[in-house]
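Structural characterization, general
These are the residues of each chain, in order.
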Amino acid sequence: MQRPLFSIIIPVYNAAETLTSAVESILNQSEPDFELLLVDDGSQDTSADLCRQLAAGDTRIRVFSQENGGICAARNRGLAEACGEYIGFCDDDDLYLPDALQTAKQLVKDTGADFVRGGYELLRETDSGQMVQLPHAPGTACRLPAGKDGKAYLTFLTNAGPQFVWNAFYKRDLLVDIRFDERCRFGLEDFLFNACVYAKDSAAVYTPFPFYRHYERGDSTSAATAKAVQGRIQTVSIWVQAEYTAAQARCTSCDFRDVWAVRKAEFVTFLMHQLRDSHVGQDICRSAWDRLRQACRNTTGCNGGLDFLRAARHNKKQAIALFLYTTHLQALYAHLPNKEEKLLK
């Protein structure tokens, strides 16, 4: 049997209300050369039956079932079963946007890239239950060559935006020894996964053309609830180490410090957002910052006191966050203007 061009993996858990829409957004793609893997992760509702019903209607769908192990375990099962040349991921309550696969296919053909990243739409649920689109400026189309080029690496990360997996397609051969870290049950798994991908000697391409629509619901694992944020705090040190390894692989000794300053600012800004939005207590905040500081101390070259000046060349808001972190005044970040909060009211 001929290998499909794409394998799309959907981890399924208690998604009876949203799964059909997610699946249809993939089946309706203009590019038909794909297989769709539905991995039921021990659902307690009718999701497993729905998976089988959907598969009965289209031979490109394959269904797998397992005991509940979390989104990482489900995605890893999909990776083990996938046959396509390129692999993509979709959450069970999100959507692929039209022409996502066709656009990725053309980019691969034109550039020979090992992985492709695209734009995305982000919608967040308000307290009243409405979905509000959160605007974000798309980056500029760019390419990342294989090998050490810290400037190109930083340019690519800046333009491609947050390193999720659902708006990307990866050559399957690139992922032979890469899997999702199953210790991540409340987020950060995408960031760790992509850091491992960047640590490979691989080439990438980014387009601002939107591939994906992500819905952040109140009960989503991506939401900044107190429970989820505490879970992310437990794994932040793993993320820092993975990013450090990727930066070492991508940078020369001359450009490493600038790149690492910006990546450090990313950790700090992420944690500031999470703590602010979850409204957790001071004990949890102190624990979070202690963990991040220890993680940074554990990586050589992380302690540059003037890193915020390097970061300022690329992102002024992140530079402010890094300055507050460096001076142990990170609590002040909560008082900076929050455009998302205004949109969600």
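A short tour of the structure in this document, coming up. (Residues numbered from 1 in each chain as written. Predicted model: local features only at pLDDT ≥ 70, side-chain atom pairs only at ≥ 80, totals over all residues. Heavy atoms only, no water.)

Another aspect to go through is the pairing of strand β3 (residues 61-66). Sheet topology places strand β2 (residues 34-41) next to β3; 6 bridges connect them, and they run parallel. Across the sheet, residue Leu 37 finds its bridge partner in β3, namely Arg 62. (Pairing = 2+ DSSP bridges. Helix = DSSP H or I, 4+ residues; strand = E, 2+ residues; numbered from the N terminus.)

Turning next to helix α4 (residues 100-111). With 12 residues, α4 should cover 16 Å at 1.5 Å per step; its first-to-last C-alpha distance of 17 Å lies within 8% of that length. When we look at burial in α4, the residues that qualify are Ala 100, Leu 101, Thr 103, Ala 104, Leu 107 and Val 108. Angularly, the buried residues of α4 cover 160° about the axis, an arc narrow enough to put them on a single face. Away from the buried face of α4 by more than 90 degrees, exposed residues Lys 109 and Asp 110 are located. Looking one or two residues beyond α4, the residue adopting positive phi is Gly 112, at roughly 70°. (Expected span 1.5 Å × (residues − 1). Buried < 20%, exposed > 50% of the residue type's maximum accessible area, 1.4 Å probe, protein only. Arc of directions from axis to C-beta.)

Attention shifts here to the side chain of Asn 76. Within the secondary structure, Asn 76 sits in helix α3 (residues 71-81). The buried category is assigned to Asn 76, whose relative accessible area is 10%. In this structure the side chain of Asn 76 is engaged in a polar contact, spanning 2.8 Å, whose partner is the backbone nitrogen of Phe 180. Residues in contact with Asn 76, not counting those within four places in the same chain, are Arg 179, Phe 180 and Glu 182. (Polar contact = N/O pair within 3.5 Å; in protein donor to acceptor, adjacent residues only side chain to side chain. Contact = heavy atoms within 4.5 Å.)

Per the stated rule, a full pass over the model turns up 28 aromatic pairs. Aromatic pair Phe 89 and Phe 193: ring centres 6.0 Å apart, planes at 80°, arrangement edge-to-face. Linking Phe 89 in strand β4 (residues 86-89) with Phe 193 in helix α6 (residues 189-198), this pair joins segments that are 104 residues apart in sequence. Here Phe 89 and Phe 193 have matching classes, each one buried. When the ring of Tyr 120 is compared with that of Trp 166, the centres are 5.3 Å apart and the planes differ by 75°; the resulting orientation is edge-to-face. (Phe/Tyr/Trp six-rings, centres within 6.5 Å; stacked < 30°, edge-to-face > 60°.)

As a further point, take the packing of helix α1 (residues 19-27) against helix α2 (residues 47-56). At a closest axis distance of 11 Å, the pairing of α1 and α2 adopts a crossing angle of 25°. The pairing of α1 with α2 is recorded here as roughly parallel in orientation. When you trace α1 past α2, the crossing you get is right-handed. Only Ser 47, Leu 50, Cys 51 and Leu 54 of α2 make contact with α1, whose side of the interface consists of Leu 19, Thr 20 and Val 23. When grouped by side-chain class, the residues that make up the contact of α1 with α2 number 5 nonpolar, 2 polar and no charged. (Axes fitted to C-alpha atoms, helices over the stretch in contact; angles between N-to-C directions. Parallel < 35°, antiparallel > 145°, perpendicular 65-115°, else oblique. Left-handed = near helix turned anticlockwise from the far one by under 90°. Nonpolar A, V, L, I, M, F, W, Y, C, P; charged D, E, K, R; others polar.)

Counting across every chain of the model gives 17 salt bridges. Of the charged contacts, one joins Glu 189 and Arg 75 as a salt bridge, the two residues approaching to 3.9 Å between their closest N and O atoms. With Glu 189 in helix α6 and Arg 75 in helix α3, this residue pair connects regions lying 114 residues apart in the sequence. Since its relative accessible area comes to 1%, Arg 75 is described here as buried. A salt bridge links Asp 114 to Lys 171, with the shortest nitrogen-to-oxygen separation between them at 3.6 Å. With a gap of 57 residues between them, Asp 114 in the loop between α4 and β6 (115-125) and Lys 171 in strand β9 (residues 168-171) connect regions that are remote in the sequence. When its relative accessible area of 17% is taken as the criterion, Asp 114 is described as buried. (Salt bridge = Lys/Arg side-chain N within 4 Å of Asp/Glu carboxyl O.)

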